[in-house]
Amino acid sequence: QGQLVESGGGFVQPGGSLRLSCAASGFTFSIYAMSWYRQAPGKERELVARITNTGDSTEYADSVKGRFTISRDNAENSVYLQMNSLKPEDTAVYYCNGNLLHLNRWGQGTQVTVSS
């Protein structure tokens, strides 16, 4: 039925880096646009970064431009989010999303905490 499993979250000090991974299974990963969303306590879920199914185009939230990089490996059925220069305001649960037209698939989320 399809599954997305995130990993790589954790605790990091401000200015540090983390790399999130999302492994897909049970569906044709290569035809889905993939995104990373995040949700902080008391806030709505927001789009962080998105990549087309071929990987030839990406987009980012203004708040993470220049610090985060989304990438994918269709041979490995995986999408990644490299996060550099992390700030306390990046603290949130990060979710992997796969989108094909009106169909959305979600992972269970991984916690990222940025604090000194």
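Scroll up for the structure.
Residue positions are given per chain, counted from 1 along the sequence in the order it is written. Whole-chain, interface and lining totals are the exception, using all residues; otherwise, since this is a predicted model, local features are given only for residues with pLDDT of at least 70 and side-chain atom pairs are given and counted only at 80 or more. Each side-chain value is derived from all of the structure's non-hydrogen atoms; neither hydrogens nor water enter the calculation.

### Some thoughts on the state of the cysteines
In a disulfide, the sulfur atoms of two cysteines are held together by a covalent bond.
Part 1: The disulfide definition used here is simple: a pair of cysteine sulfur atoms within 2.5 Å. Per the counting criterion, the structure on display carries one disulfide.
Part 2: In this model Cys-22 forms its disulfide with Cys-96; the gap between the sulfur atoms is 2.1 Å. Given an S-S torsion of about -85°, the disulfide between Cys-22 and Cys-96 has left-handed geometry. With Cys-22 in strand S3 (residues 18-25) and Cys-96 in strand S9 (residues 92-100), this pair connects stretches of sequence that are 74 residues apart. Put simply, DSSP H or I for four residues or longer makes a helix, DSSP E for two residues or longer makes a strand, and each gets a number counted from the N terminus.

### So, the pairing of strand S4 (residues 33-39)
Part 1: Under the scheme applied here, a residue whose accessible area is under 20% of the maximum for its type counts as buried, over 50% as exposed, and between as partly exposed, the area being computed with a 1.4 Å probe on protein chains only. With respect to burial, S4 is a largely interior element, five of its seven residues being buried.
Part 2: Here, any two strands with at least 2 DSSP bridges between them count as paired. Both S4 and S9 contribute to a ladder of seven bridges, which runs antiparallel. Bridge pairing in S9 places Gln-39 opposite Val-93.
Part 3: With five bridges joining them, S4 and strand S5 (residues 46-51) adopt antiparallel strand pairing. Within the sheet, the bridge partner assigned to Arg-38 lies in S5 and is Glu-46.
Part 4: The loop that links S4 with its antiparallel partner S5 comprises six residues; one of these, Gly-42, has a positive phi angle of about 75°.

### Observations regarding the packing of aromatic side chains
Part 1: Aromatic rings from Phe, Tyr and Trp, taking only the six-membered ring of Trp, are treated as a pair when their centres fall within 6.5 Å; an angle between ring planes under 30 degrees marks them as stacked, one over 60 as edge-to-face, and anything in between as tilted. By the definition in use, this model includes two aromatic pairs.
Part 2: Centroid distance Phe-27 to Tyr-32: 4.8 Å. Interplanar angle 65°. Geometry classified as edge-to-face. Accessibility assignment for this pair places Phe-27 and Tyr-32 in one class, buried.
Part 3: Only lysine NZ and arginine CZ atoms are considered, and such an atom sits over a ring when it is within 6 Å of the ring centre and within 35 degrees of the ring normal. Its end group placed over the ring of Phe-29, Arg-72 keeps NZ or CZ at 4.4 Å from the ring centre.
Part 4: When the ring centre of Phe-27 is taken as origin, the NZ or CZ atom of Arg-105, which lies over that ring, is 4.5 Å away.

### Focus on the nonpolar core
Taken as a class, soluble globular proteins show a tendency for nonpolar side chains to be buried jointly.
Part 1: Only buried Ala, Val, Leu, Ile, Met, Phe, Trp, Tyr and Cys residues count toward a nonpolar core, and they belong to the same one when joined by side-chain atoms within 4.5 Å. Among the nonpolar cores identified, the biggest contains 28 residues, and Trp-36, Val-79, Leu-81, Met-83 and Tyr-94 are the most heavily contacted of them.
Part 2: Elements that contribute at least two residues to this core include exactly S3, S4, S5, strand S7 (68-73), strand S8 (78-83), S9 and strand S11 (110-114).
Part 3: For this core, the element with the highest residue contribution is S3, accounting for four residues.
Part 4: The residues contacting Met-83, other than those within four sequence positions of it, are Gly-16, Ser-17, Leu-18, Leu-20, Arg-67, Phe-68, Tyr-94 and Val-112. Any two residues having at least one pair of non-hydrogen atoms within 4.5 Å are treated as being in contact.

### Examining the side chain of Ser-78
Part 1: The residue Ser-78 is located in strand S8 in this model.
Part 2: Overall, Ser-78 belongs to the buried group, its relative accessible area being 9%.
Part 3: A polar side-chain atom of Ser-78 sits 3.0 Å from the main-chain carbonyl oxygen of Glu-76.
Part 4: Among all residues touching Ser-78, those that are not within four sequence positions of it are Cys-22, Ala-23, Phe-29, Arg-72 and Asp-73. Under the rule applied, a polar contact is a pair of N or O atoms within 3.5 Å (in protein, one hydrogen donor and one hydrogen acceptor; residues adjacent in sequence only if both atoms are side-chain atoms).

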